[in-house]
Amino acid sequence: MSHVGVGPRAVTRSVAFLTASVLAVPALAGCSSEDPSGKPLAEQDVASAARTRIADGGTLRWAVDSVPATLNTFQSDADATTARVAQAVLPSMYRMDETGRPVRNPQYLESAKVVGTEPKQVVVYKLNQQAVWSDGREIGAADFAAQWRALSGKDSAYWTARNAGYDRIEKIERGAGDLEVKVTFSRPYADWKSLFTPLYPKDVMGTPDAFNDGARRKLKTTAGPFALKKVDTGADEVVLTGNPRWWGEQAKLDEIVLRAVPREKRVSELVAGKLDLAEIDPDTADQVGLAAPAGDAATGTPLMGPDGTPAAGSDASPHAGPQGRSAAAALRSWAIANGSDEEAAEEEVLAREKRRKAEAKRERRQKALSGFEVRKSLEPAYTQLALNGADGPLADERVRRAVARALDRGALAEAVLKPLGLPTEPVGSHLALSGQAVYADGSGALGEQNAKEARALLADAGWEPGGPVKESEAGEKAAGAEKSGTGGDGGDGGDGEKSEGGDDGTYIVGEDGKNDGGKNDGGKSDGGESDGGATDQESGEKHSSGRNTAQGGAPGAYAPKGTAAPAGSAVAPLAKDGEALTLRFVLPSGPGSEALRTVADRISDMLKKIGIGVDITKVPDENYFKDHVASGEYDLALYSWPASAYPATDARPVYAKPVPAADGSLNVAQNYTRVGTDQVDQLFDQAMATLDEKEARALLRKADSRIWAAAGSIPLYQRPQLVAARKNLANAGAFGFETPVHEDMGFLKKGSAGAEAPASPTS
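All figures in this text were calculated on a predicted structure; none of them were measured in a lab. (Residues numbered from 1 in each chain as written. Predicted model: local features only at pLDDT ≥ 70, side-chain atom pairs only at ≥ 80, totals over all residues. Heavy atoms only, no water.)

K.L.:
Before we go on, may I ask you to explain the nonpolar core in this structure?
P.N.:
For soluble globular proteins, the rule of thumb is that nonpolar side chains tend to be buried together. Counting residues in each nonpolar core, the largest one holds 107 residues, and the members touching the most others are Tyr125, Phe196 and Leu240. The biggest single contributor to this core is helix H2 (residues 141-151), with 7 residues. Setting aside residues no more than four positions away along its own chain, Phe196 makes contact with Pro91, Ser92, Met93, Tyr125, Phe144, Gln147, Tyr166, Ile169, Ile172 and Val183. (Core = buried A, V, L, I, M, F, W, Y, C linked by side-chain atoms within 4.5 Å. Buried < 20%, exposed > 50% of the residue type's maximum accessible area, 1.4 Å probe, protein only. Helix = DSSP H or I, 4+ residues; strand = E, 2+ residues; numbered from the N terminus. Contact = heavy atoms within 4.5 Å.)

Given below as structure tokens:
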């Protein structure tokens, strides 16, 4: 897996799926005359083209993570592919624009207004008179009413994952004409624009049986530019075809085939010509970028290494790639193959033949990948460090704040995003991303990185440097002495695999306390042979020695073993009441999670500087979220949340104060850090009930400041979005915030902008 996170808004943060300077504002944001929301840090990259330049017909083969278990986005097992299908085949009253804000979708909605607030909030929707379902029936009030009844929460026979907003509706009725829908709310609801997107036909929402089972594998009635042709679990694909009843601009493509392809297999499928569009990891992006002909303006430059030089193996790199051989080596090979030692000559001839075949294979691979380019942006989601405040040392807010104050969030964001050529600003809000209306940097409520103040907080909490630690069998020892895993080198993790490796005691000048980069990666290339350095899978950062030199270190300047490091580079481990201050950092172990582990190693080094030890435990991907994060079996964890245009609704369950359930357990909703306050809950409730948008933004920014101050979760960086796309595929790629316009996707006409048609666009 390439990331760990939580799904798109279609499943409303309810299931797990694994980030120019940001404008700083006062802790209680909203009082500045300057708009603190800023603009998106990165634009979308979709190779925009006018419809007149796009050929009619063709099939787009688009990689997805899975064939969805259900096509009903309101069920608990809906996933990102469920949402992608819904965007193409179902009505949406509002869609996301390039800044992550909701905008009216004119294909379905002519207008929508709050026409009254007293005694009740009333919204009137005026529908597009051309909007019809694929069976010819007009979209109307009956569909709105059926969806409200199914999602209101009043009938437990409907197996719904969420009812936020729908539970505030009192009634739905026909307006002044057939095209008007009048919705009356029992309580004010600020996020009313979030409702009825997507909108299902009444035959799906009308009865519990239809809702629960009728839309899991088929959607007989649709109303988008595409219709559902089939869900083929045998071929692991979902096939969408053009909707003949679509009233807007007709889709340029004949079909969109969503193919379930594991991320680690996508490069092979690209090479085989079986995909046209696929989200990829940085290693695959490197391969695609390096396959481009020199000076190809369509693909830009290769992804850069941490020091700003092209990645190893590129034509511009001074280092030979995995197949590269110097002139001297080639001459030596020829001499051996033609020498008098027959046995050595035979071996060299065989070796040369093996190298020739490998080179031919590499050239075929490069040629196949040269038809693609990497389109990159920032995903509308951010990665955070979660601190479990349920029990243990992190139950003390002072310890959580100390951990947060020890982090250099800018350095962590830079490590992931700079090698990809993407903006490196850390995320400043829990509730929105830069460019969204609610965004404001609220991190000032917690304070900037300051190791001295972090140590003071720990001292105030009773944690003393070098204090005695009880041993399980006999005696006492200084905190941290001989402790396996302190500083992230392993430890008792139960069912998990521990991080390997460790410092051999050599101090390297210029690398005081810096991370051992990719020491857990073994420095292996895709072919299993060492390329002389470890690779960060999410950022693409390469380390020549397994140590980080990206921040200006001076590799090669060594002091003998045992030489003391400069003052301030290390702090005595802390202890309290006979217990060492060591935190369990749980991480996924999958092949696409190297970046998370690299970030975790750097965090461990930062915490070591204030005396906190870290045990890094790696667990199987399939168990990571359910058995560790959701169940609270961790101290520190890394996972992601999606951005939402409706944070009052979507973010409340993520940060709400946990409450005791009837059976005595703790109901945490989606607040997996178990940290919350009554004040934050009240601010969310006020924002949700406020129809004044300016006032609602101020309340949410205030709530965000309070969340920062509680230090239960620390936003780090907006996630990178890397997409391999055929060079002649237009209006598709790294979408950023904006909802895709499926009817405009297609392959450029021959000769348009110098592009060539795909080898088999209709295959």
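K.L.:
Before we go on, may I ask you to explain the packing of aromatic side chains in this structure?
P.N.:
A ring pair, where both rings are aromatic, is described by two values, the distance of the centres and the angle of the planes. According to the stated counting rule, one finds 19 aromatic pairs in the structure shown. With a centroid separation of 5.4 Å and 80 degrees between ring planes, the pair formed by Phe625 and Tyr639 is classed as edge-to-face. Placement of the pair is Phe625 in helix H13 (residues 621-629) and Tyr639 in strand S25 (residues 636-642), with a sequence separation of 14 residues. For Phe625, a relative accessible area of 9% puts it in the buried group. According to the relative accessible area criterion, Tyr639 is buried, its value standing at 1%. Between Phe625 and Tyr672, the ring centres sit 5.2 Å apart and the planes meet at 90 degrees, which makes this aromatic pair edge-to-face. A residue pair is termed long-range when its members are at least 10 positions apart, and Phe625 in helix H13 and Tyr672 in the loop between strand S27 (666-667) and helix H16 (678-688) qualify at 47 residues. (Phe/Tyr/Trp six-rings, centres within 6.5 Å; stacked < 30°, edge-to-face > 60°.)

K.L.:
What exactly am I supposed to notice about the sheet that holds strand S4 (residues 109-116) here?
P.N.:
The strands that make up a sheet pair up through hydrogen bonds in the backbone, lying either parallel or antiparallel. Taken together, the 4 strands give an open sheet; going across it, the order is S4-S5-S7-S6, and neighbouring strands pair in antiparallel fashion. Each of the sheet's edge strands pairs with one partner strand only, and the pair in question is S4 and strand S6 (169-174). The mean inter-strand angle of the sheet, taken between neighbouring strand axes irrespective of direction, is 20 degrees. In the sheet, S4 pairs with strand S5 (residues 122-127) via 6 bridges, with the strands oriented antiparallel. Note that in S5 the partner of Leu109 across the bridge is Leu127. The strands touched by H2 are S5, S6 and strand S7 (180-185); relative to S6, the strand with the most contacts, the crossing angle is about 160 degrees. (Pairing = 2+ DSSP bridges. Axes fitted to C-alpha atoms, helices over the stretch in contact; angles between N-to-C directions.)

K.L.:
Would you mind showing me how to read the environment of Leu457 here?
P.N.:
Inspection of the secondary structure assignment puts Leu457 in helix H11 (residues 451-460). Sequence separation between Leu457 and Glu397 is 60 residues, and the spatial gap between their C-alpha atoms is 9.4 Å. Ignoring sequence-local partners within four residues, the contact set of Leu457 consists of Arg398, Arg401, Ala402 and Arg405.

K.L.:
Is there a simple way to think about empty space enclosed by the protein in this case?
P.N.:
One way to see where empty space is left: roll a probe the size of a water molecule over the atoms. Its volume calculated, the second largest cavity comes out at about 110 Å³. Looking at the second largest cavity, it is lined by 18 residues, and the ones nearest its centre are Tyr655, Thr673, Val675, Ile707 and Gly712. Elements supplying a minimum of two residues to the lining of the second largest cavity: S25, helix H15 (652-655) and helix H17 (693-710). For the lining of the second largest cavity, the element with the highest residue contribution is H17, accounting for 3 residues. (1 Å grid on protein atoms, 1.4 Å probe; cavity = no way out; pocket = protein on both sides within 12 Å on 5 of 7 lines; lining within 4 Å. Points joined across faces, edges and corners; volume = space filled by probe spheres on them.)

K.L.:
What am I meant to see in the confidence of the model for the chain here?
P.N.:
The predicted structure's coordinates, where accompanied by low pLDDT, should not be read in detail. On average, residues of the chain score 82 in pLDDT, and 77% of them reach the 70 mark or higher. Low pLDDT (under 50) marks residues 474-484, which in the prediction has 27 contacts with non-local residues, meaning those over four places away or in another chain. In the predicted structure, residues 486-559 sits below a pLDDT of 50 and forms 179 contacts with residues beyond four places in sequence or in another chain. (pLDDT = per-residue confidence, 0-100.)

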